Amino acid sequence: GAVVAQASQRLGISEEAEGLSASAMEVVRGIFEEMGNRGKSSDAKVQVVVENHPGRLQVTIECPGEAASSSCTPSVSGKIWDNAKCETRNGNSRVILTKAAPEK
C-alpha cells in the first residue's frame, strides 16, 4: 500500500494516494481470499508491480490461476482508477490498474 501511495505522490496525484493504495490492497485481499476459497492459500504467491510511466501510474497484480479475474470488478475501475483490466495468460491471471496524471 505504501508503495502505491508514494508512486502516486511522485506522479502529482497525492490527494488520491490513500484511495489508490486502499483500492489496490482491496484487490490483493480479494485475490488471497479467492485463492483460500480454492484451497490454494498455503502456497499463494501474488506479485504486485508498481510502475510510474510518463503521465500515468500502473499497478499490476498477478497470481497463478484465475483468482485475479474474480477480483477485477467494475467497482475497481471508475471509482478512483481510470482503468482496470483483467487478463489470464499462460495459467496466470492479472489485474492491471492505471491512473493518469493530471493535465499540466
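For the structure itself, consult the block above.
The rules we used
Residues numbered from 1 in each chain as written. Predicted model: local features only at pLDDT ≥ 70, side-chain atom pairs only at ≥ 80, totals over all residues. Heavy atoms only, no water. Pairing = 2+ DSSP bridges. Helix = DSSP H or I, 4+ residues; strand = E, 2+ residues; numbered from the N terminus.

Enquirer: What am I meant to see in the pairing of strand β3 (residues 83–89) here?
Expert: Pairing geometry for β3 and strand β4 (residues 92–100), over 7 bridges, is antiparallel. The residue of β4 that forms the bridge with Glu-87 is Arg-94. Once β3 ends, the chain turns through 2 residues before running back antiparallel as β4, passing Asn-90 with a positive phi of about 55°.

Enquirer: When you look at unusual backbone geometry in this model, what are you seeing that I'm missing?
Expert: Across residues other than glycine, the phi torsion is negative in most instances, and most of the peptide bonds are trans. In this model, Asn-90 sits at a positive phi of 55°, which is unusual for a non-glycine residue. Within the secondary structure, Asn-90 is located in the loop between β3 and β4.

Enquirer: Can you help me understand the environment of Thr-88 in this one?
Expert: Checked against the element boundaries, Thr-88 lands in strand β3. Sequence separation of Thr-88 and Glu-62 is 26 residues, and the distance between their C-alpha atoms is 9.3 Å.

The quantities given are spatial measurements derived from coordinates; they are silent on function.
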